[in-house]
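Notes for the structure review
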Amino acid sequence: VEFLKSALKDKYDGLRNLTIGKLDLKKENVRKAVESTLADLAKNDPKRPVKAAAISRLGEYENPAYADIFKKAINDSSYTVAGNALEALATIDPDAALAEAKRLSNEESSGDLADAITSILIESGDDSYAVKILERFEDMPLSQGKFNLLQSIGKFLEKTKDNTIFKRGVDDIVAFRDAIPEALQGQTNPFINGILLKGLATKKKDAGA
C-alpha cells in the first residue's frame, strides 16, 4: 500500500496514471489509504489524463463530500475530465448531474463528455431531449462506444410514448446492426436481435402499446 501511495505521487505522470488504473478499491485497506491522494489528484494534477482517471476512481467512493470537485471539473477544457466528472456526480447527486447534462447538451461536446451527457439524458427518460439523444447516437462512428450505448437506448425507447421517436430509435438500432462487419455479426446479432429488439417488442406489447 505504501508503494502504491508513493507511485501515485511520482513525478512521472504516466506512472501516476497507470497506478490509478490498477488500484483495487474493493480492498478496504487500499481504499482508505489512497482516498485523500486521489482527491488531491482529482483537484490539482496538471496532467489531464491523470486528473480524469483520478476523478473516475474517486467517483467509486460515492461520497457527497466530493461534489464540488466534480462540479468544477465538469467545466474543464478536457472532454475526458468533464465526462468523468459528470458521471461521478451522477453517482452522488443524480438531479444535479441531470441539470448539468441538460445545460451541456446545448453546447458543443464530443468524446467522453458527449457520451456521459447522452447516457444521463437517456436514463432520465425525458422525451424533450429525445431528438438530441438519437442525433448523438446517429452521429457516432461505428465503435465499441456506440455498441455500449445500445442497452441505454433500448431503455429510453421502452419508456417513450412518442411513436415517431420510438420508430426512429428502432431504425437507428437496425442501421447500426447492419453496419457492423459481417464477420462480427455472429457475436453482436444475438444481443441486438434476441435481447434488445425482441425484448423491447415484448415490453411494449405487455404495456399495451
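The structure under discussion appears in the preceding block.
**Quick look at the packing of helix 9 (residues 130–139) against helix 11 (residues 150–159)**
Between helix 9 and helix 11, whose axes approach to 12 Å, the crossing angle comes to 155°. With respect to helix 11, the element helix 9 is oriented roughly antiparallel. Taken as a pair, helix 9 and helix 11 cross one another with a handedness that is left-handed. Every residue of helix 11 that contacts helix 9 at Ala130, Ile133, Leu134 and Phe137 is listed here: Leu150, Ile153 and Phe156. Class assignment of the residues belonging to the contact of helix 9 with helix 11 gives a composition of 7 nonpolar, no polar and no charged.

**Some details on the pattern of salt bridges**
Evaluated as defined, the whole model comprises 10 salt bridges. With its nearest N and O atoms 2.9 Å apart, the salt bridge here joins aspartate 76 to arginine 48. In this pair, aspartate 76 is assigned in the loop between helix 5 (67–73) and helix 6 (79–92) and arginine 48 in helix 4 (residues 48–59), connecting sequence segments 28 residues apart. Between glutamate 138 and arginine 168 there is a salt bridge whose closest N-O contact spans 2.9 Å. Residue glutamate 138 is found in helix 9, and its partner arginine 168 is found in helix 12 (residues 163–179); the two are separated by 30 residues along the sequence. By relative accessible area, which is 30% here, glutamate 138 ends up partly exposed. Here the residues in one salt-bridge network are Glu100, Arg103 and Glu107, joined through shared partners.

Analysis parameters
- Residues numbered from 1 in each chain as written.
- Predicted model: local features only at pLDDT ≥ 70, side-chain atom pairs only at ≥ 80, totals over all residues.
- Heavy atoms only, no water.
- Axes fitted to C-alpha atoms, helices over the stretch in contact; angles between N-to-C directions.
- Helix = DSSP H or I, 4+ residues; strand = E, 2+ residues; numbered from the N terminus.
- Parallel < 35°, antiparallel > 145°, perpendicular 65-115°, else oblique.
- Left-handed = near helix turned anticlockwise from the far one by under 90°.
- Contact = heavy atoms within 4.5 Å.
- Nonpolar A, V, L, I, M, F, W, Y, C, P; charged D, E, K, R; others polar.
- Salt bridge = Lys/Arg side-chain N within 4 Å of Asp/Glu carboxyl O.
- Buried < 20%, exposed > 50% of the residue type's maximum accessible area, 1.4 Å probe, protein only.

So yeah, pure geometry; function would need other evidence.
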